[in-house]
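Structural overview for review
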Amino acid sequence: MKVAMVSEHASPLAVVGGADAGGQNVHVAALAAELVRQGHRVVVHTRRDDPGLPPRVLGGGGALVDHVDAGPPVPVPKDELRPYMDDFAAVLAQRWRRDPPDIVHAHFWMSALASVRAAQPLGIPVVVTFHALGTVKQRHQGEADTSPPDRLDVERWLLGKVDRVIATCWDEVAELDRFGPPAKGATVIPCGVDLALFRPDGPADARRAGHRVVVVGRLVERKGVADVIKALTWLPDTELLIAGGPGRDELHGDPDVLRLMAAAEGCGVSQRVRFLGRVCRSELPQLLRSADAVVNVPYYEPFGMVPLEAMACGVPPVVSAVGGLRESVVDGETGLHVPPGEPRRLADTLGALFADPALARRLGEAGARRAGAVYGWPRVAARTAAVYQQVVDEPDRARSLTGAGGR
Ligand code: UDP
């Protein structure tokens with residue numbers, strides 16, 4: 001199939017770890033590469049955020065990355081990109097009139113808006129992975145939510161327009177059903193993990209304390225990293241390594257890092273907390289393998305790829321029991337759940353895990369088995385391609401295309 005992916009803010013070529021570059025970038029890059037490996041042709045359309053980028057470039061996995069001119073060619077926070085979506089849609093329409101894909105897979109609501117506008121007049125079907133929903137963000141962030149004011153209206157409109165929603169977990173399906181169910185249905189396909197990179201065997205970084213906790217991810221407030229820092233107060237002889245944020249040289253200018261450093265000072269644990277800055281993907285497995293536990297305790301989480309990466313490395317994830325994490329991490333079997341926002345409970349859970357190496361080993365082994373059985377990208381991409389095919393083959397679509405004289 002000819003697949004067009006649209007990922008307006010999250011380029012598959014970006015360096016991940018910063019405020020707006022994380023799971024979606026990793027997801028789009030890995031899914032596109034695996035679809036290419038399975039014989040599909042994939043173009044990823046993403047916004048140009050640097051004047052030096054070539055118009056089109058072949059990505060690592062063989063997918064073509066198309067840099068779309070929409071808005072200034074500099075980094076712009078994703079919540080400020082909404083005004084440029086008309087231009088984005090116009091460029092897509094121009095590309096697709098010349099060379100129509102069989103299917104468009106949009107990632108995030110703004111990409112879906114541009115995609116529907118460009119694709120539907122041409123009779124090209126659109127599926128969407130939201131990655132995050134405006135309703136959930138609004139509920140959790142309230143006044144602090146910087147999403148454009150029309151986000152919920154646009155998301156509701158999209159649910160009536162797209163040919164399928166690919167939800168990453170059942171929790172998202174329940175949210176969508178409450179919000180205004182997708183007219184043409186949703187299919188649950190989880191995010192994946194690179195099983196060739198994240199594996200239980202291989203080197204592990206050296207430790208400096210009896211126990212080690214690792215956190216990986218964007219350091220925005222909702223990720224709950226301050227709670228992990230606080231939990232250290234009750235965990236003697238334990239070090240905390242935090243990967244994410246800007247590069248190591250820019251750590252001291254980053255507001256999230258400064259906030260977390262102040263929290264560590266305030267709790268009297270700063271000697272035991274190390275900020276690594278963003279860590280490149282090839283170095284992550286050895287960092288994860290060096291941990292007794294990989295902690296991921298956001299206040300809400302649409303999916304959460306880091307716990308999968310931990311499981312694939314055979315290290316138990318300790319996660320907050322929210323969103324997709326409740327489904328990917330099986331409590332007491334492949335990791336442990338804690339309530340979000342409760343550092344004391346987190347400390348107790350980690351303390352119990354440290355005290356029971358047999359439990360840690362059992363969780364780690366079961367996690368690696370589950371990651372291998374369910375979450376490898378070849379399986380996730382094949383399921384995604386099967387949805388594309390179903391959508392393309394839908395009888396209504398075939399009829400309307402025949403009626404319109406085909407494409
Ligand atoms: N990540 C990384 N290096 C870093 C920080 C994060 O490679 O320094 C990756 C991490 O391994 C994961 C992704 O960024 O694959 C974060 O995805 P997740 O779903 O956990 O969070 P999101 O960013 O989508 O909120």
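Figured I'd write up the structure that's included with this text. Given the structure is predicted, the values throughout are model-derived calculations rather than measurements.

**Some points on the site of the ligand**
- The full set close to the ligand counts 20 residues, and Arg218, Lys223, Val279, Arg281 and Glu309 are the nearest of them.
- A distance of 2.6 Å is found between an oxygen atom of the ligand and a side-chain nitrogen or oxygen belonging to Glu309.
- Within the complex, 94% of the 540 Å² of free accessible area of the ligand lies under protein.
- If you list the elements that add at least two residues to the shell around the ligand, you get helix H1 (23-37) and helix H10 (306-312).
- Considering only residue class, the shell around the ligand consists of eight nonpolar, six polar and six charged.

**Here's the deal with the sheet that holds strand E7 (residues 164-167)**
- The strand order across the open sheet built from eight strands is E3-E4-E2-E1-E5-E6-E7-E8, with neighbouring strands paired in mixed fashion. Unpaired on one side and paired on the other, strand E3 (56-58) and strand E8 (186-188) mark the two borders of the sheet. Each strand of the sheet is rotated relative to its neighbour by a mean of 25 degrees, with strand direction disregarded.
- Judged from the five bridges that link them, strand E2 (residues 41-47) and strand E4 (residues 64-68) form a sheet pairing that is parallel. Bridge pairing in E4 places Val43 opposite Leu64.
- The strands touched by helix H6 (residues 170-179) are E7 and E8; relative to E7, the strand with the most contacts, the crossing angle is about 140 degrees.

**Topic: the sheet that holds strand E14 (residues 336-338)**
- Spatially, six strands are ordered E11-E10-E9-E12-E13-E14 in an open sheet, and the strand pairing comes out parallel. With partners counted over all chains shown, the strands left at the sheet margins are strand E11 (273-277) and E14, one partner each. In this sheet, adjacent strand axes meet at a mean angle of 25 degrees when their direction is disregarded.
- The pairing of strand E10 (residues 238-243) with E11 spans four bridges and is parallel. What sits directly across from Leu241, in E11, is Arg274.
- Each of strand E9 (211-216), E10, strand E12 (293-296), strand E13 (317-320) and E14 touches helix H12 (residues 343-354); the most contacted strand, E14, lies at about 160 degrees to it.

**Here we look at the pairing of strand E5 (residues 103-107)**
- Counting buried positions over the five residues of E5 gives five, a clear majority of the element.
- Of the two faces of E5, the one lined by Ile103, His105 and His107 and the one lined by Val104 and Ala106 are each fully buried.
- Here four bridges tie strand E1 (residues 2-6) to E5, and the two strands are oriented parallel to one another. Note that in E5 the partner of Val6 across the bridge is Ala106.
- Looking at chain direction, E5 and strand E6 (residues 126-129) are connected through four bridges and run parallel. By the bridge assignment, His107 is partnered in E6 with Thr129.
- Taking the sense of rotation as the criterion, the β-α-β connection linking E5, helix H3 (residues 109-119) and E6 turns out right-handed.

Basis of the calculations
- Residues numbered from 1 in each chain as written.
- Predicted model: local features only at pLDDT ≥ 70, side-chain atom pairs only at ≥ 80, totals over all residues.
- Heavy atoms only, no water.
- Near = heavy atom within 4 Å.
- Polar contact = N/O pair within 3.5 Å; in protein donor to acceptor, adjacent residues only side chain to side chain.
- Areas by Shrake-Rupley, 256 points an atom, 1.4 Å probe, with all protein chains shown as cover.
- Helix = DSSP H or I, 4+ residues; strand = E, 2+ residues; numbered from the N terminus.
- Nonpolar A, V, L, I, M, F, W, Y, C, P; charged D, E, K, R; others polar.
- Pairing = 2+ DSSP bridges.
- Axes fitted to C-alpha atoms, helices over the stretch in contact; angles between N-to-C directions.
- Contact = heavy atoms within 4.5 Å.
- Buried < 20%, exposed > 50% of the residue type's maximum accessible area, 1.4 Å probe, protein only.
- Right-handed = clockwise from strand over helix to strand, strands pointing away.

These values are about where atoms sit, not about what they do.
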